[in-house]
Amino acid sequence: MPGDTSIQVDASRRLGELSPFVFGQFIEHIRDHVTAMLAEVLSNGTFATQSPRAPGLPQPWVPVNAPTSAFVSGTIPPGERGLARGVEITADSGETHTGVSQLELVVRHGVPLRVSLALRPEGGVKAVKLKMVCSQGGALAEADIRDLGSEWKVYETELIPERDSQHAEFQILFRGPGGLSVGAVSVIPANARGGIRAEVFHMARALRPRIMRYPGGCFSDTYHWRDGVGPKTARPTVINEHWGGLESNAFGTGEFIQFCRALRCEALLCVNLGTGTPEEAAQWVEYCNGGPDTGLGALRAKHGEKKPYNVKYWEIGNEIYGDWEAGHCDAKTYAERYLEFRKAMKAVDPSIQCLAVGHTDMDWNREVLATAGSEIEYLTMHFYQGAPLDADDETRAKAMLAAPKKFGEIIAETGRLIDDVCKSNRPKLAVTEWNAMYANATERPMEPREHSLEAALFNAGLLNVFIRNCNRVGICNFSDLVNGWSGGCIRVGDFLSDAKERLVEGWSGVRKDIVYGTPSYYVLQVYSTHAGQFVLGVNVDTDTYDSPELDKLPAFQKAPLVDAAATLSRDGNELVIFVVNRDPHRDAPVRFAIANFKPSCYASVYVVAGDSPSDRNTPQYPDAVEMVTMHLSDVGTQFAHELPACSLTAIVLRKAE
């Protein structure tokens, strides 16, 4: 039987101050991340196609009464980079309605749908009917748009569904003879928050992210910021050059800043070093931070925001060391380009903080620091870890839960390198992507291990590493916030994102609109809600175990079964201990000893646990793993508590009055 674990915390032993930016999140235009996050009901609302004026309809639009009508896509000329958009419908007969529709939509009873669409009639067409029907039978809502003019105009109206439907069909109809050109179409529920799905907004706010990274990731090194500003109906729909598919640019700089403001978090923008220029990056800084008297500040004001966004944190490039990245180059070349970008950007706003691309490879870091270290505020790293899916559950779980030790060693090694190379300026570390990542979606079972308790406890261990390294680590961004790839901590619907080429069917086939959190979501919520400002020294006396090497996961000797970190609030009145029990089978009795802090007799306890490391939340069982709250009584400077097997426990102690 394992021995008891003892944990000693000394409130007077402050290791440093914890940056609130350790609890950051990340949004990228990868697969369905943004589309799942947004409240937009329709897909491809711009009718975008890569073949201008091609016959037929772009997916997923379908014809209504097709024998009486003809369709030509690409009626709106594309912009400089955009694809052809819009659809032209001609009808010879006025005997019946004709038009276009989208199927298998989800609508809610009584939640108004705000409809916006650009129309241009031809040949005497004076009215358009909008209908929401259930494809399994029955009308849900309808509205008429009358007295159409002869030129392009954006019309707005509202549909209020009479009942719930998982199989709704949205129809745009008119009677011939004549024609109708349809441009950008949008259908958004009235309960959306700044265009964000209401459930996603509330779940994101509960995470209390302190900083949000955008727009990538790999996407950022092909992204041109002008595509995502200005009126949405005028923004180009483009090909997502890195991840594939179409990008409508409906969510751009303004929408991102609005989301950050609503969440009360800082913005971190990642600029396009791969296919962009220093001038383009500097112009983005001016658009965001320039006063209305500057050229691009005036453009921002024209777009509806006179007050500068005041974006302070700017990451210059992403993973440029990788041959998968647009603009891939060696460390010396990157560092020189970084300096060019930084100079141009700081000339616009000297107050900004710049993040340079770092690596887990110390040779890369040494070259970047030697060339540009004096001009770097943060050196970035990306921490992902997985284990072979064919390993047995217990071996893999123990190896994964010990793996945060590897990243602690990388942080320490990088810190020593910074101290050695950088004499006048010592950059902080920014882990701008981190998560468990096991395999490409095509190689994984339909219930990805990223959604498991095992992944969540790996992430808890990594957060403990970040906390203990508070003097080195200044920013961390969990990857991702919503869907995108299987690591997204907020899940929307029944679809999983293939890391390479498509969305694949999910688990239930019927709950397309469900929004829920993975176990990692609840782990993140525990830390971001309860962590204090000062990191305290913690001594843990516990049993250890050895785990074998598993593919790219190294062997670990004497990995502690129990891992802990502790913080103290700025006013000194709240002490929090975060404890991970890595044993997949056995509870861990723990004796706690607290020095230089007299707690009140009651403590709050927050637990994320399950019956097995493989436990996970799915559309069928979205609440299988949650955060559970309990209370302890008779707490003193010494007390005992038993940690569930395979769990994260946060114990919140309040100072006695």
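Residues numbered from 1 in each chain as written. Predicted model: local features only at pLDDT ≥ 70, side-chain atom pairs only at ≥ 80, totals over all residues. Heavy atoms only, no water.

Describing the sheet that holds strand E6 (residues 97–107)
- On the basis of which strands lie adjacent, the open sheet formed by five strands has the order E3-E6-E11-E8-E9 and antiparallel pairing. Pairing within the sheet leaves two strands with one partner each, and these edge strands are strand E3 (62–64) and strand E9 (139–145). Geometrically, the sheet is characterised by an average inter-axis angle of 25° between neighbouring strands, direction not taken into account.
- Two elements, strand E8 (residues 128–134) and strand E11 (residues 165–175), share six bridges in a ladder whose sense is antiparallel. Bridge pairing in E11 links Leu-130 to Ile-172. (Pairing = 2+ DSSP bridges. Helix = DSSP H or I, 4+ residues; strand = E, 2+ residues; numbered from the N terminus. Axes fitted to C-alpha atoms, helices over the stretch in contact; angles between N-to-C directions.)

A look at the pairing of strand E27 (residues 544–547)
- Here E27 shows one buried face, formed by Tyr-545 and Ser-547, and one open face, formed by Thr-544 and Asp-546.
- By the bridge criterion, three bridges tie E27 to strand E28 (residues 556–560) in an arrangement that is antiparallel. Its bridge partner lying in E28, Ser-547 is registered against Phe-556. (Buried < 20%, exposed > 50% of the residue type's maximum accessible area, 1.4 Å probe, protein only.)

Observations concerning the nonpolar core
- In this structure, Tyr-334 and Phe-466 are the most contacted members of the largest nonpolar core, which totals 131 residues.
- Top contributing element to this core by residue count: helix H10 (residues 453–468), with 11 residues.
- Sequence-distant contacts of Tyr-334, that is, excluding residues within four places in its chain, are made with Leu-273, Ile-316, Ile-320, Cys-329, Leu-355, Ala-356, Val-357, Trp-364 and Val-368.
- Within the second largest apolar cluster, 35 residues are counted, among which are Val-115, Leu-119, Phe-174 and Val-187. (Core = buried A, V, L, I, M, F, W, Y, C linked by side-chain atoms within 4.5 Å. Contact = heavy atoms within 4.5 Å.)

Describing the state of the cysteines
- Throughout the structure, instances matching the rule amount to zero disulfides.
- Counting only cysteine sulfurs, Cys-265 is the nearest neighbor of Cys-260, a cysteine outside any disulfide, at a range of 4.0 Å.
- Under the relative-accessibility criterion, Cys-260 is labelled buried at 2%.
- Counting only cysteine sulfurs, Cys-270 is the nearest neighbor of Cys-354, a cysteine outside any disulfide, at a range of 12 Å.
- The buried category is assigned to Cys-354, whose relative accessible area is 0%. (Disulfide = S-S within 2.5 Å.)

Quick notes on the sheet that holds strand E21 (residues 473–478)
- Taken in spatial order, the eight strands of this closed barrel run E2-E13-E16-E17-E18-E19-E20-E21, and their pairing is parallel. Averaged over neighbouring strand pairs, the angle between their axes works out to 30° when direction is ignored.
- In the sheet, strand E20 (residues 428–436) pairs with E21 via four bridges, with the strands oriented parallel. Its bridge partner lying in E21, Val-431 is registered against Cys-476.
- Seen against the sheet, helix H6 (residues 331–348) touches strand E16 (266–271), strand E17 (313–316) and strand E18 (353–356) and runs at an angle of roughly 165° to E18.

In short, the description is geometric, and any link to function would need to be established separately.
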